[in-house]
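Spelled out, the chains give:
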Amino acid sequence: MAGINSNDFSAPDEVMTFEKAEMKVANLANIKVARGVIQPGWSWSSCMKPVVGTESCATRHVGVVFSGRMVATHDDGTEIELCEGDAYVIEPGHDARVEGDEAVIIYEFNTGAIEHFAEYSE
């Protein structure tokens with residue numbers, strides 16, 4: 001295996017679609033990176049909860065917001081607004097929603113979470 005790996009989201013290894021969201025996945029050796037575009041009006045509780053069937057998201061997210069605004073609310077009541085340039089770790093047990101009229105573009109780096117998303121792709 002080469003010591004340097006690169007991939008391009010314009011020709012992703014996988015594309016996952018969800019209600020009001022799309023994730024393009026680039027494989028880098030044994031790591032998956034996803035570029036998500038999440039549309040205004042999306043929330044985990046309205047778009048994902050009916051499909052996943054849990055009260056809140058049970059996945060750990062690690063990523064960076066490229067553009068847009070998203071609010072994440074943890075089951076313990078902690079709430080944070082994530083904006084362009086914010087790096088984040090969101091632990092399991094949360095809801096999230098897009099704020100405003102602009103799509104949110106994120107990059108996710110948790111391979112396990114990305115593989116979990118694939119179970120619920122349309």
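Along each chain, residues carry numbers from 1 onward, in the same order as the chain's sequence is written. Per-residue local features of the predicted model are confined to residues with pLDDT of at least 70, and side-chain atom pairs are confined, for both listing and counting, to 80 or more; whole-chain, interface and lining totals are unaffected and use all residues. Hydrogen atoms and water are omitted, and side-chain values are computed over all heavy atoms in the structure.

By definition here, a salt bridge exists when the distance from a side-chain nitrogen of Lys or Arg to a carboxyl oxygen of Asp or Glu is within 4 Å. Using the criterion set out here, one finds 5 salt bridges in the structure. Across the salt bridge formed by Glu79 and Arg97, the nearest N and O atoms sit 4.0 Å from each other. Of this pair, Glu79 sits in strand 6 (residues 79-83) while Arg97 is found in strand 8 (residues 94-99), placing the two residues 18 residues apart along the sequence. For Arg97, a relative accessible area of 32% corresponds to the partly exposed category. Put simply, Glu79, Arg97 and Glu99 are held in one network by salt bridges that share partners. Strands are runs of DSSP state E lasting at least two residues, helices are runs of H or I lasting at least four, and both sets are numbered from the N terminus onward. Only protein chains enter the accessibility calculation, which uses a 1.4 Å probe. A residue is then buried if its area is under 20% of the maximum for its type, exposed if over 50%, and partly exposed in between.

Bringing the pairing of strand 1 (residues 14-18) into the picture now. Every other side chain in a regular strand lies on the same face of the sheet, so the side chains alternate between the two faces. Here, any two strands with at least 2 DSSP bridges between them count as paired. By the bridge criterion, 5 bridges tie strand 1 to strand 2 (residues 21-28) in an arrangement that is antiparallel. Directly across from Glu14, in strand 2, lies its bridge partner Val25. Counting the residues in the hairpin turn of strand 1 and strand 2 gives 2 residues, including Lys20, whose phi is positive at 65°.

Right, let's get into helix 2 (residues 111-118). Along helix 2, the residues that are buried comprise Thr111, Ala113, Ile114 and Phe117. Viewed end-on, helix 2 has its buried residues packed into an arc of 165°, placing them on one side of the element. Residues count as neighbours in contact if any of their non-hydrogen atoms are within 4.5 Å of one another. Structurally, helix 2 contributes buried residues whose contacts are with strand 1, strand 2, strand 3 (31-38), strand 4 (61-67) and strand 9 (104-108). What the arc measures is the spread of directions leading from the helix axis to the C-beta atoms.

Each strand in a sheet pairs with another by means of backbone hydrogen bonds, the pair being arranged parallel or else antiparallel. Taking strand neighbours across the sheet as the criterion, the 6 strands line up as 1-2-3-9-4-7 in an open arrangement whose pairing is antiparallel. With partners counted over all chains shown, the strands left at the sheet margins are strand 1 and strand 7 (87-90), one partner each. Each adjacent strand pair in this sheet contributes to an overall mean axis angle of 25°, direction not counted. Pairing analysis gives 5 bridges linking strand 3 to strand 9, with the strands arranged antiparallel. Within the sheet, the bridge partner assigned to Arg35 lies in strand 9 and is Tyr107. Axis angles are defined between N-to-C directions and span 0 to 180 degrees, where every axis is a line fitted to C-alpha atoms and, for a helix, only to the segment in contact. The sheet strands contacting helix 2 are strand 1, strand 2, strand 3, strand 4 and strand 9, and the helix crosses strand 3 at an angle near 60°.

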